[in-house]
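Coordinates in review
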Amino acid sequence: MSSTVSRQQRIGVIVVAGGSGQRLGYGIPKAQVPLFGVALLVHALRGIEASGIASAISVAVPAGDTVMRSLCRGTAVSASLTVVDGGATRADSVRAALQALPADLDAVMVHDAARALTPPEVFGRVADALAAGAAAVIPAVPVTDTVKTTADTAAGQAGIAPRVVTGTPDRSTLRAVQTPQGFEAGLLRRAHAAARGFTAEQAAAVTDDAMLAESLGTPVYVVEGSELSLKITTPLDLLLAEAVLARTPTDKED
Ligand SMILES: Nc1ccn([C@@H]2O[C@H](COP(=O)(O)OP(=O)(O)OP(=O)(O)O)[C@@H](O)[C@H]2O)c(=O)n1
Ligand SMILES: C[C@](O)(CO)[C@H](O)COP(=O)(O)O
């Protein structure tokens, strides 16, 4: 793995694997779903191990899940690994996993198990930016679609469709945001502590950890993500991930 900055930092990695995978519709928690015979969670852990950046790993699994606990035990990682019960939302799962990390870390990365094929180099780029002094770093890729803002139309107003376009942001400024998202450890703890006071509506609007850092006024820096870091959300995403892995000689069933 290439690194432009010498890394002396102790980095903890949170893997959120506590979701149910409703949109994938597999009938089991998504992080357990096999990709070439290997659970998505295990692919994600192998990517972290290959990056060499983690001193400690904390995995949030669905409350009471024993399958993923056993998968974690069976995956060789050099960092200390803790498994905790996740919460009702992704942010709740992050908070639970954060509490289980050692107190003396310099930085923490938060990674979706659903981004199971994230290349080790992406972890390296986030680690380099943290080591260079950034307090918050996210990987992202340019957006290829034209993106519109929209709103509900007043009932009966249009009679054509229930939604109308309200604007077209300049695409050159837009980025699709991925994980791992990296933070100075104290910042991530403060950001999640502040979010505990959110109303249900505010909490529902939190879709990533960088938003919490932004709300504290912290600059969030963007490094290059990867098309391979796709979030496996729907059956089509799983097919795409299979096609990606079919072209990769490693990481298939042992
Ligand atoms: N309560 C939750 C919800 C989500 N996640 C994790 O957050 C990541 C991103 O969530 P998403 O891809 O939306 O997963 P699910 O919530 O499982 O999917 P769905 O919304 O289709 O049920 C996943 O790795 C998921 O396991 C979590 O740890 N705890
Ligand atoms: C954190 C994230 O992966 C960044 O793109 C994304 O926001 C997670 O969204 P989800 O709705 O919880 O899948």
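For every chain, the first residue of its written sequence is number 1, and the numbers climb from 1 along that sequence. Labels follow written order: the first chain is A, the first ligand is 1, and so on. This being a predicted model, a pLDDT of at least 70 is required before a residue's local features are given, and a value of 80 or more before pairs of side-chain atoms are given or counted; all residues contribute to the totals for chains, interfaces and linings. Here the side-chain values reflect all heavy atoms present in the structure, with hydrogen atoms and water set aside.

1. Considering the pairing of strand E4 (residues 56-61)
Defined as follows: The buried label applies to any residue whose accessible area, calculated with a 1.4 Å probe on protein chains only, is under 20% of its type's maximum; exposed applies above 50%, and partly exposed to all values in between. Counting from the N terminus, the helices are the DSSP runs of H or I reaching at least four residues and the strands are the DSSP runs of E reaching at least two. Here, a strand pair is defined by DSSP locating no fewer than two bridges between the strands. Seen with its strands pointing away from the viewer, a crossover is right-handed if its path from the first strand over the helix to the second goes clockwise.
Most of E4 is tucked away: six of the six residues are buried. Taking every second residue as pointing to the same face, both faces of E4 are buried, with Ala-56, Ser-58 and Ala-60 on one and Ile-57, Val-59 and Val-61 on the other. Judged from the six bridges that link them, E4 and strand E5 (residues 80-85) form a sheet pairing that is parallel. The residue bridging Ala-56 from the neighbouring strand is Ser-80, located in E5. After leaving E4, the chain enters helix H2 (residues 67-73) and then returns to the sheet as E5, a path that is right-handed.

2. Remarks on unusual backbone geometry
The omega torsion across Thr-179 and Pro-180 is 10°, close enough to zero to call that bond cis. Inspection of the secondary structure puts Pro-180 in the loop between strand E10 (175-177) and strand E11 (181-184). Even without being glycine, Phe-36 reaches a positive phi, approximately 55°. Its place among the elements puts Phe-36 in the loop between strand E2 (34-35) and strand E3 (38-39).

3. Topic: the site of ligand 1
We count it as follows: We call a residue near a molecule or strand when any one of its heavy atoms sits within 4 Å of it. Pairing of N or O atoms within 3.5 Å defines a polar contact, subject to two protein rules: one partner must be a possible hydrogen donor and the other a possible acceptor, and residues neighboring in sequence count only if both atoms are side-chain atoms. Shrake-Rupley sampling with a 1.4 Å probe provides the accessible areas, and residues are treated as covered by the protein chains on show and by no other component. As a working rule, the residues Ala, Val, Leu, Ile, Met, Phe, Trp, Tyr, Cys and Pro are called nonpolar, Asp, Glu, Lys and Arg charged, and the rest polar, with Gly in that last group.
Taken together, 18 residues are adjacent to ligand 1, and Val-16, Gly-18, Gln-22, Arg-23 and Lys-30 come closest. Here Arg-23 contributes a side-chain N or O atom positioned 2.7 Å from an oxygen atom of ligand 1. In this structure, Thr-89 approaches ligand 1 through a main-chain N or O atom, which is 3.4 Å from a nitrogen atom. Alone, ligand 1 offers 560 Å² of accessible surface; in the complex the protein occludes 87% of this. For the shell around ligand 1, the per-class residue count stands at five nonpolar, eight polar and five charged.

4. Let's talk about the site of ligand 2
In the neighbourhood of ligand 2, the contacting residues comprise Arg-23, Arg-90, Asp-112, Arg-115, Val-177, Thr-179, Thr-207, Asp-208 and Lys-231. In this structure, an oxygen atom belonging to ligand 2 sits 2.6 Å away from a side-chain N or O atom of Asp-112. Arg-115 places a side-chain nitrogen or oxygen 2.9 Å from an oxygen atom of ligand 2. Notes on ligand 2: free accessible area 360 Å², of which the protein chains cover 74%. When its residues are assigned to classes, the shell around ligand 2 shows one nonpolar, two polar and six charged.

5. Let's talk about the confidence of the model for the protein
To keep it simple, the criterion reads: Each residue carries a pLDDT score, the predictor's confidence in it, ranging from 0 to 100.
On average, residues of the protein carry a pLDDT of 93, and 93% of them reach 70 or more. Here the predicted complex scores 0.95 on pTM and 0.98 on ipTM.

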